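Remarks on the overall topology
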Amino acid sequence: MSDEILLKVTIDNITVEVPAGTTILQAARKIGGDVTPPAMCYYSKLQGSGGKCRTCLVEVSKGSEKDPRPMPKLVASCRTTVMDGMEVKNITSPRVLEARAGVVEFLLLNHPLDCPICDQAGECHLQDLSYEHGKQGSRYEFQKRTFKKVDLGDYIQLHMTRCILCYRCVFTADQLSPKREHGVLDRGDHAQIATFIQKNLHNEFIGNVIDVCPVGALTDKTFRFKNRVWFTKPVNAHRHCDKCCGEVQLWLRGDEVFRVTARKDEWGEIKEASNGKTGWICNECRFEKKNLADWIIEGPTNVNRHSVISQNKYVGLVKPTETFPKIMKGRNPKLLMDIHSVSEVNKPNIHLSQLERPAHSTDFNQ
Ligand code: SF4
Ligand code: FES
């Protein structure tokens, strides 16, 4: 039996026990749901990540059982470890919500609002964050900084204008490749992710920078502008690969493989593979295996993030409570608004809502 000492921490009035050394963010992830602060730069699979973006700020209203004084300032939950008896406020603290709105406004100072044409739309952490905490307008009166798009090798495009300088891609390149490939150059307003003399990134695992990028700054050139992510259907698949775990998510439209990515967990981070290691995938699996025949399909991906990509897909769907039959004394709204009998669009014997397949031309009156 393990004799590990567990510390009690209460986050938004929910108490959880965690081992010493756990950060507030990890403890909150153990509880899950809204209690968990958002994280734009922290990535549990990357050493040294976190502490850059400040989206994970929380209020520590009681330091510990021994020293119950509150912490005077809001703290970055990804970098602050828990103490026994600590009490933390996230969504129950108006100070935190106000600060988070300020952080979102700050991140959006230079970030373009080009979601309608951005490949990351629908799975962008900044997009979700700004919907949840953003303000309607910006007080920034100056021109946003812009950069030219840069090709990082044959498969990756860097659109620095969208970068929020979270450093995740730098850590990924540092930790997955034998030599340093790129980094942040310059300071302040001029800071940018670059390969200096625009040296290509040639590492076998460099495609993973696309998966860790929380925004649309690093995108897959084999997928760019081909489809909106919410029109594609994610399925889990694997193949035998000598270089990586070969366990991926295919994004399909019909039988066409539009994109291959690593599998992600509910925090948007790359999941563990069946070998227990982080499921980083190699460039060959990601960019070169775009035929369905290359893969063994396991089944639909269970998307458990609150993003638009989880809409209309698979298990866990919470439908709104239907109050109409209650108000109308049991009458079903569909019958109240039954246009089937008067519509001449489809054939009278065909109920489009009952088809278990897409409707096609033979179902309609020609
Ligand atoms: S390119 Fe993406 S992953 Fe890299 S620092 Fe910018 S936002 Fe972060
Ligand atoms: S996630 Fe904690 S500072 Fe960015």
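Counting from 1, residues in each chain are numbered in the order their sequence is written. Chain labels run from A onward and ligand labels from 1 onward, assigned in the order the entries are written. It should be noted that, the model being predicted, local features are given only for residues of pLDDT at least 70 and side-chain atom pairs only at 80 or more, the latter also being counted only at that level, while totals for whole chains, interfaces and linings use all residues.

In the nomenclature of an unreviewed UniProt entry, the chain corresponds to NADH-quinone oxidoreductase subunit G from the organism Hydrotalea sandarakina. Per UniProt, the chain has the following entry under Sequence similarities (unreviewed entry): "Belongs to the complex I 75 kDa subunit family." UniProt positions are given in the numbering used here, feature names are shortened, and annotations may be inferred rather than shown by experiment. Taken directly from UniProt, the Subcellular location (unreviewed entry) text for the chain runs: "Membrane".

1. Regarding the overall build of the chain
Each helix and strand in the chain was counted, giving 8 helices and 14 strands. A residue is called partly exposed when the number of other C-beta atoms within 10 Å of its own lies between 12 and 20, exposed at 12 or fewer, and buried at 20 or more, with C-beta atoms placed from the backbone. Taken over 366 residues, the chain has a buried fraction of 34%. For the chain, the proportion of contacts with a sequence separation of at least 24, taken over those separated by at least 6, is 60%. A run of H or I in DSSP counts as a helix once it spans at least four residues, and a run of E counts as a strand once it spans at least two, with each numbered from the N terminus. Contact between two residues is assigned whenever their backbone-derived C-beta positions fall within 7 Å.

2. Overview of the sheet that holds strand 4 (residues 75–76)
The mixed open sheet is built from 5 strands, whose spatial order is 2-1-5-3-4. The open sheet has two edge strands, strand 2 (14–19) and strand 4, and neither has a second partner. As paired strands, strand 1 (residues 6–11) and strand 2 are joined by 6 bridges and run antiparallel to one another. Looking at the pairing, Leu7 lines up with Val18 of strand 2. Fitted lines through C-alpha atoms give the axes, limited to the stretch in contact for helices. The angle between two N-to-C directions lies from 0 to 180 degrees. Strands strand 1, strand 2, strand 3 (57–62) and strand 5 (86–89) of the sheet are contacted by helix 1 (residues 24–31), whose axis makes an angle of about 120° with strand 2. Sitting on the sheet, helix 2 (residues 94–107) touches strand 3 and strand 5, and the angle it makes with strand 3 is about 160°. Strands are treated as partners if at least two bridges between them are detected by DSSP.

3. Considering the site of ligand 1
For each residue, a C-beta atom is placed from the backbone, and the residue counts as near a molecule or strand when that atom lies within 6 Å of it. Within the structure, ligand 1 sits among 14 residues, and Cys163, Cys166, Cys169, Cys213 and Ala217 are positioned closest to it. Asp, Glu, Lys and Arg are counted as charged, while Ala, Val, Leu, Ile, Met, Phe, Trp, Tyr, Cys and Pro are counted as nonpolar; the rest, among them Gly, fall into the polar class. Tallied by class, residues from the shell around ligand 1 come to 13 nonpolar, no polar and 1 charged.

4. Re the nonpolar core
We call a set of buried Ala, Val, Leu, Ile, Met, Phe, Trp, Tyr and Cys residues a nonpolar core when their C-beta atoms link them within 7 Å. Counting residues in each nonpolar core, the largest one holds 54 residues, and the members touching the most others are Val9, Met40, Ile164, Cys169, Val209, Cys213 and Leu218. Three or more residues apiece are contributed to this core by two domains, here domain 1 (6–107) and domain 2 (140–220). Membership of the second largest hydrophobic core comes to 16 residues, among which are Val229, Ala237, Val248 and Val257. Domain extents, as shown, originate in an automatic or database domain assignment.

5. Side note on the UniProt feature "domain: 4Fe-4S His(Cys)3-ligated-type" (unreviewed entry) in the chain
Taking the numbering used here, the UniProt-annotated feature "domain: 4Fe-4S His(Cys)3-ligated-type" (unreviewed entry) corresponds to residues 95–134. The span residues 95–134 shows a helical share of 55% and a strand share of 0%, and its end C-alpha atoms are spaced 15 Å apart.

6. Re the sheet that holds strand 10 (residues 218–220)
What links the strands of a sheet is backbone hydrogen bonding, and the strands pair in either a parallel or an antiparallel sense. In spatial order, the strands read 6-7-10; together these 3 strands make up an open sheet with antiparallel pairing. Looking along the sheet, the strands with just one partner apiece sit at the ends: strand 6 (150–152) and strand 10. Adjacent strand axes in the sheet meet at a mean angle of 35°, parallel and antiparallel pairs treated alike. Where strand 6 lies against strand 7 (residues 156–158), 3 bridges are found, and the strand directions are antiparallel. Looking across to strand 7, one finds that Val150 is bridged to Leu158.

7. Overview of helix 1
Where helix 1 is concerned, the buried positions are Ile24, Leu25, Ala27, Ala28 and Arg29. In this structure, the buried residues of helix 1 make contact with strand 1, strand 2, strand 3 and strand 5. Directly after helix 1, the chain includes Gly32, whose backbone phi takes a positive value near 85°.

8. Concerning the environment of Val150
If you trace the backbone, Val150 turns up in strand 6. Distance from Val150 to Met160, taken between C-alpha atoms, is 8.0 Å for residues 10 residues apart in sequence.

9. A closer look at the packing of helix 2 against helix 3 (residues 125–133)
Between helix 2 and helix 3, the shortest axis-to-axis distance is 10 Å and the interhelical angle comes to 135°. By the angle class used here, helix 2 and helix 3 are oblique. Of the two possible hands of crossing, helix 2 and helix 3 adopt the one that is left-handed. Counted together, Leu97, Arg100, Ala101, Val104 and Leu107 of helix 2 and Leu126, Leu129, Ser130 and His133 of helix 3 form the full contact between these two elements. Across the contact of helix 2 with helix 3, the residue classes break down as 6 nonpolar, 2 polar and 1 charged. Each angle receives one of four descriptions, namely roughly parallel if under 35 degrees, roughly antiparallel if over 145, roughly perpendicular if within 65 to 115, and oblique otherwise. By convention the crossing between two helices is left-handed if the near helix lies anticlockwise of the far one by an angle smaller than a right angle, and right-handed if it lies clockwise.

10. Overview of the pairing of strand 3
Across 2 bridges, the pairing between strand 3 and strand 4 is antiparallel. Its bridge partner lying in strand 4, Val58 is registered against Val75.

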